[in-house]
Amino acid sequence: QKEVEQDPGPLSVPEGAIVSLNCTYSNSAFQYFMWYRQYSRKGPELLMYTYSSGNKEDGRFTAQVDKSSKYISLFIRDSQPSDSATYLCAMIPISGAGSYQLTFGKGTKLSVIP
Amino acid sequence: DSGVTQTPKHLITATGQRVTLRCSPRSGDLSVYWYQQSLDQGLQFLIQYYNGEERAKGNILERFSAQQFPDLHSELNLSSLELGDSALYFCASSFGGYNEQFFGPGTRLTVL
């Protein structure tokens with residue numbers, strides 16, 4: 001079982017739809033969670049960074065963390081064609097060794113159709 | 001623009017050769033991370049440096065090495081290149097350990 005599971009899609013939605021993207025993880029040590037957006041052949045762009053269980057909102061984006069279920073989500077409201085990209089979840093474990101590398105999901109490819 | 005710069009953007013080389021990838025972190029960031037992205041493996045952590053010292057190693061091959069210099073820029077050295085090393089190589093930086101990591105635009109390496 002991979003540490004982080006993410007449905008690769010592809011996911012295709014009409015413009016204006018609410019998009020739900022999800023990741024599950026198996027390692028209880030993961031405590032910090034990020035969502036990145038990556039356009040084709042570009043560097044990942046940080047969208048959201050969360051630590052606590054619960055919701056965090058930033059504009060049209062809401063990140064949700066449920067540590068008890070080991071499940072995180074990213075919601076995109078009023079989706080736009082410019083949101084078409086690959087969305088990657090990423091996690092950092094609590095580590096006494098001073099190591100803070102991200103473990104990524106494989107990414108979900110999203111297309112928003114005008 | 002994340003503030004992280006990487007050079008070169010593209011690199012085409014032959015098997016058996018050696019290349020060096022360069023990364024300049026965001027101003028004020030002390031940590032530098034290197035990641036490899038391939039179609040089948042996704043984004044994989046290679047190595048982390050913090051203020052000049054190696055902090056963690058991931059799935060980095062022995063043919064690969066890195067260092068972080070006093071001005072905090074970092075270089076990733078790839079030697080005895082194989083076809084399977086063709087990938088996108090990203091550098092990321094953060095101020096500290098649990099701070100957000102910001103990624104550079106990447107270097108696309110093609111080994112022929």
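Preceding block: the structure.
**As for the interface of chain B and chain A**
Facing the 23 residues of chain B at the interface are 23 residues of chain A. Summing both partners gives a buried area of about 1800 Å² for chain B against chain A, and 60% of it is carried by carbon and sulfur. There are 0 salt bridges connecting chain B and chain A. Counting across the interface, chain B meets chain A through 4 residue pairs in polar contact (both at pLDDT 80 or more). If you list the elements that add at least two residues to the side of chain B that touches chain A, you get β4 (31–38), β5 (42–50), β6 (53–57), β9 (87–94) and β10 (102–103) of chain B. Looking at which element gives the most residues to the side of chain B that touches chain A, the answer is β5(B), with 4 residues.

**Concerning the packing of aromatic side chains**
Evaluation of the coordinates by the stated rule reveals 13 aromatic pairs over all chains. On the numbers, 6.0 Å between centres and 75° between planes, the contact of A:Tyr25 with A:Phe30 is edge-to-face. A:Phe30 carries the same exposure label as A:Tyr25, and that label is buried. Seen from their ring centres, A:Tyr32 and A:Tyr51 are 4.7 Å apart, and the 35° between their planes marks the pair as tilted. A residue pair is termed long-range when its members are at least 10 positions apart, and A:Tyr32 in strand β4 (residues 30–38) and A:Tyr51 in the loop between β5 (45–50) and β6 (54–58) qualify at 19 residues. Since its relative accessible area comes to 14%, A:Tyr32 is described here as buried. Members of the aromatic cluster, joined through ring pairs, are A:Tyr36, A:Phe104, B:Tyr33, B:Tyr35, B:Phe45, B:Phe90 and B:Phe103. The side chain of A:Lys67 reaches across the aromatic face of A:Tyr51, ending 4.1 Å from its centre.

**Examining the sheet that holds strand β7 (residues 64–68) of chain B**
Residues and elements named next belong to chain B. Spatial ordering of the open sheet is given by β1-β3-β8-β7, a layout of 4 strands whose pairing is antiparallel. Of all strands in the sheet, those bounded by a partner on one side alone are β1 (5–7) and β7. Neighbour-to-neighbour, the strand axes of this sheet turn through a mean angle of 15°, independent of strand direction. For β1 and strand β3 (residues 19–24), the ladder comprises 3 bridges, and the chain directions are antiparallel. In the strand pairing of β3, Thr5 is matched with Ser24.

**Let's talk about unusual backbone geometry**
Put simply, A:Gly9 and A:Pro10 share a cis peptide bond, and its omega is 10°. Of note, A:Pro10 is situated in the loop between β1 (4–6) and β2 (11–14). In the segment running from B:Thr7 into B:Pro8, the intervening peptide bond is cis, with an omega of -10°. Residue B:Asn51 is not a glycine yet carries a positive backbone phi of 50°. With respect to the secondary-structure elements, B:Asn51 resides in the loop between β5 and β6. In this structure, B:Ser80 takes a positive phi of about 45° despite not being glycine.

**Some details on the pairing of β7(B)**
The alternating pattern of β7(B) places B:Phe64, B:Ala66 and B:Gln68 on a buried face and B:Ser65 and B:Gln67 on a face that is not buried. Linking two consecutive strands that pair antiparallel, namely β7(B) and strand β8 (residues 74–78) of chain B, is a turn of 5 residues; a positive phi of about 80° is found at B:Leu72 within it.

**Considering the sheet that holds β6(A)**
All names here are of chain A. Read from one edge to the other, the open sheet built from 5 strands follows the order β1-β3-β8-β7-β6, with strand pairing classed as antiparallel. The open sheet is flanked by β1 and β6, the only strands paired with a single partner. Each strand of the sheet is rotated relative to its neighbour by a mean of 15°, with strand direction disregarded. The sheet contact formed by strand β3 (residues 19–25) and strand β8 (residues 71–76) spans 6 bridges and is antiparallel. If you follow Ser20 over to β8, its bridge partner there is Phe75.

**Details of the state of the cysteines**
Residue and element names in this part refer to chain A. Considering all chains together, one arrives at 2 disulfides over all chains under this definition. Here Cys23 connects covalently by a disulfide to Cys89, the sulfurs 2.0 Å from one another. Where Cys23 bonds to Cys89 through sulfur, the torsion about that S-S bond is close to -100°, and the disulfide is left-handed. Linking Cys23 in strand β3 with Cys89 in strand β9 (residues 85–93), this pair joins segments that are 66 residues apart in sequence. For the pair Cys23 and Cys89, one class covers both residues: buried.

Calculation rules
Residues numbered from 1 in each chain as written. Chains lettered and ligands numbered in written order. Predicted model: local features only at pLDDT ≥ 70, side-chain atom pairs only at ≥ 80, totals over all residues. Heavy atoms only, no water. Contact = heavy atoms within 4.5 Å. Buried area = accessible area lost by both parts, 1.4 Å probe. Salt bridge = Lys/Arg side-chain N within 4 Å of Asp/Glu carboxyl O. Polar contact = N/O pair within 3.5 Å; in protein donor to acceptor, adjacent residues only side chain to side chain. Helix = DSSP H or I, 4+ residues; strand = E, 2+ residues; numbered from the N terminus. Phe/Tyr/Trp six-rings, centres within 6.5 Å; stacked < 30°, edge-to-face > 60°. Buried < 20%, exposed > 50% of the residue type's maximum accessible area, 1.4 Å probe, protein only. Lys NZ or Arg CZ within 6 Å of the ring centre and 35° of its normal. Pairing = 2+ DSSP bridges. Axes fitted to C-alpha atoms, helices over the stretch in contact; angles between N-to-C directions. Disulfide = S-S within 2.5 Å.

Honestly, that's just the spatial picture; any functional story needs more than this.
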